[in-house]
Structure formats: structure tokens, C-alpha cells
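The chain contents come next:
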Amino acid sequence: MDPAGPVARGQLGLIESSFWIMVEIFIVVSAVLVVALIRFRARSDQKDLPPQVHGDNRLEFLWTIVPALLLALLAVGTVKESFADTGSPVVKHALLVNVTGHQFWWAFQYPSLDNLVTANELHVPVGEKIELGLTSADVLHSFWVPRLGGKTDLVPGKTNYIWFEADKPGIYYGQCAEFCGTGHADMRLIVDAQTPAKFNQWVKTMENPVSTPTSALAKEGEKLFGTVGCSTCHTVGGTSFAGAVGPNLTDLTGRLMIAGNTFPNTPQNLYKWVHDAPAMKPGALMPNFDYLPPHDVKALVAFLESLR
Ligand SMILES: [Cu+2]
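Residue indices follow the written sequence of each chain, beginning from 1 at its first position. Whole-chain, interface and lining totals are the exception, using all residues; otherwise, since this is a predicted model, local features are given only for residues with pLDDT of at least 70 and side-chain atom pairs are given and counted only at 80 or more. To obtain the side-chain values, all non-hydrogen atoms of the structure were used and water was disregarded.

Undergrad: Residue-level account of the side chain of Asn120, with values.
TA: Locating Asn120 in the fold gives a position in the loop between β3 (116-119) and β4 (121-125). When accessible area is computed with a 1.4 Å probe and restricted to protein chains, residues below 20% of their type maximum are described as buried, those above 50% as exposed, and intermediate ones as partly exposed. Asn120 sits in the buried class, given a relative accessible area of 8%. Excluding residues that lie within four positions of it along the chain, Asn120 makes contacts with Trp105, Trp106, Phe108, Arg188, Leu189, Ile190, Gly260 and Asn261. The numbering of helices and of strands both runs from the N terminus, where a helix is a DSSP run of H or I of at least 4 residues and a strand a run of E of at least 2. Whether two residues touch is decided by their heavy atoms; if any such pair falls within 4.5 Å, the residues are in contact.

Here is the structure:
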């Protein structure tokens, strides 16, 4: 109910106009009901049934035609808004981001920006139309960032297109809105709307990722990343790790949250996550690594903390 962009505003307008039409219907129907209850109530001197009437053609006509007209009015607004917000190509010259839903996280890929890939935090420039191509890698998900626009399903084997625009810089929270398994409630996302200058800076960082573990511990972590199995699922920009099953970890230190935006991105939470992810987020498909010695987990966290 607090829109932060043109798409959300249009949709709120539709909800508000439906709401006020309903309120008017409620008032009219309640008034007629109250009048009928008072005027035609049973009197104490009345023994017989009142005259029975039915099939008044005028009334039948009236209460068929009035709702039909109101529904037609709502349909015009709904169809107009639906076509304005979806379809492909939605808007010419928009920045396209391909969104893939996974159990239980989001992948974002920017085809026009060197195909750069990130996870769970969608960076966009403010005041620019962003087109999203939504699809799923497994089951049905639904993309929903309430302040920027309504829900749209992510369907395996199909791409749905929507667009949005953020008026002002800020963090906009989102959530998967289609039950997709145990971790559904923890499948969250952030839209980070940035000034064009800050956005370009982020793109530069992502296009030239640096992984320079300096401490001995972080260097050890980098080796472990390749040997204990992390690299079979995760890509890390600036290294040779190129797994494509789990979230891309490039610029991990730049993210606010981890685990599908469920926990703040702190070394303590990263430790717990690497140690036993399913214990932190039920249903997480990242395996349990609790057999690793604490020292190895610390080394892996030190490596992750070095990704910029
Ligand atoms: Cu989901």
C-alpha cells in the first residue's frame, strides 16, 4: 500500500478503485436492507402473510445490469493494467535482468552487462525501466517486491516478462510468493535501487571481481573451497571456481544478507552456514558440512570474507 514506482502505483490505483466501488455497493445494499427491515417489518396487529410478490421485471433487469456494468468497468482497468505491466518486450530500451528461481534462492543475470550474475540482491539504477525475464530451474516460484509491483509466477520452461521502476534509491524487500517447498518462507530477496553512479560502480566491481586472500588462513580456505566440494556448486568471480548449482558468490562481502536474505552477512553467520546450512534454514539444499574440523570452516569463512 506504499508504492515506490509507477507499476506499483498503477496497481494500487486499481485496488483503490475496486475498493471504493465495493464500498458504494455495500452502502447501497445496507441502506436498502435497513429500509426494507423497518418498512416491511411484521406489525403486532398483522395475522396473515403480507402480499407475496416475485418476478418484478424492472428489479430483475436493474440488479442484472448494474453489477454487469460495474464488473465491466473493473475489467477495463484490470486488462489495461495487466497489459501495461507484462508481456515481451515490455518496454524498449529497458535494462533486462533474467531472474531464475531456485529452491530456495534467486539468481539474477544481466545479459547486457557482460552477462554478470549475482544472487538474492537485485541491483538496479533508479529512474530506469527494468525488464525482468522470469523463469524457474525447478518448481513454481513467484517474484514479489510489494513496493515495486505485484506478483508474477516463475514457471519452469517458460519465461514471463514484467517491468518495474524505482523512484528513489533504497532497499526494497521481496519474498517468494508461491509455495515452493520447505524453505519457501526463507526465499527472500532485496532490490537495491541505486543512483546511476553507484550502480555503475557496482557493475564495475562485478565485472572485475577480486579474490585476493591475503592471510594464510584465507589462502588455506581457497584451497579447501576446491577440495571439499564448494566449487562444484558455486562460482566465485576472479577464481577458477565455476559451479553453477548454487548461488554465485562473487562480491559476497558486498551483500547485506546470506541464505536467501534470511540472515545478516556476518562472519559468525557465515561460519554457522558453512558448518551446517540445513540447520540454519530448513530445506536448504546446501549439504551439511558438520564433519569438517572447525579450523577448516574458519579457513573457508576467511576465504569467503576476502571476496570483493
Ligand atoms: Cu520459491
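Next comes the rest of the write-up.
Undergrad: Would you mind going over the pattern of salt bridges in detail, with residue names and values included?
TA: Should a side-chain nitrogen of Lys or Arg be within 4 Å of a carboxyl oxygen of Asp or Glu, the pair is scored as a salt bridge. If you walk through the whole model with that rule in mind, you get four salt bridges. With its nearest N and O atoms 3.5 Å apart, the salt bridge here joins Asp2 to Arg147. Placement of Asp2 in the segment before α1 (6-39) and of Arg147 in the loop between β6 (141-145) and β7 (149-154) is noted, with a sequence separation of 145 residues between them. The shortest N-O distance in the salt bridge between Lys129 and Glu165 comes to 3.7 Å. Separated by 36 residues along the polypeptide, Lys129 in the loop between β4 and β5 (130-136) and Glu165 in the loop between β8 (160-164) and β9 (170-175) bring together distant segments of the chain. The partly exposed category is assigned to Lys129, whose relative accessible area is 33%. Residue Glu165 is classed as buried on the basis of its relative accessible area, which comes to 15%.

Undergrad: I'd like a description of the state of the cysteines, backed by residues and values.
TA: What we call a disulfide is simply a covalent bond connecting the sulfur atoms of a pair of cysteines. Note on disulfides: each one is a pair of cysteine sulfur atoms within 2.5 Å. The full count for this structure, using the stated rule, is zero disulfides. Cys233 provides the cysteine sulfur closest to Cys230, a residue in no disulfide bond, and the two sulfurs are 8.7 Å apart. Judged by its relative accessible area of 13%, Cys230 is buried. A relative accessible area of 25% places Cys233 in the partly exposed class.

Undergrad: Account for the environment of Asn57, naming residues and giving values.
TA: Within the secondary structure, Asn57 is located in helix α2 (residues 57-85). Counting along the chain gives 22 residues from Asn57 to Val79, while the straight-line C-alpha distance between them is 32 Å.

These figures capture arrangement, not role.
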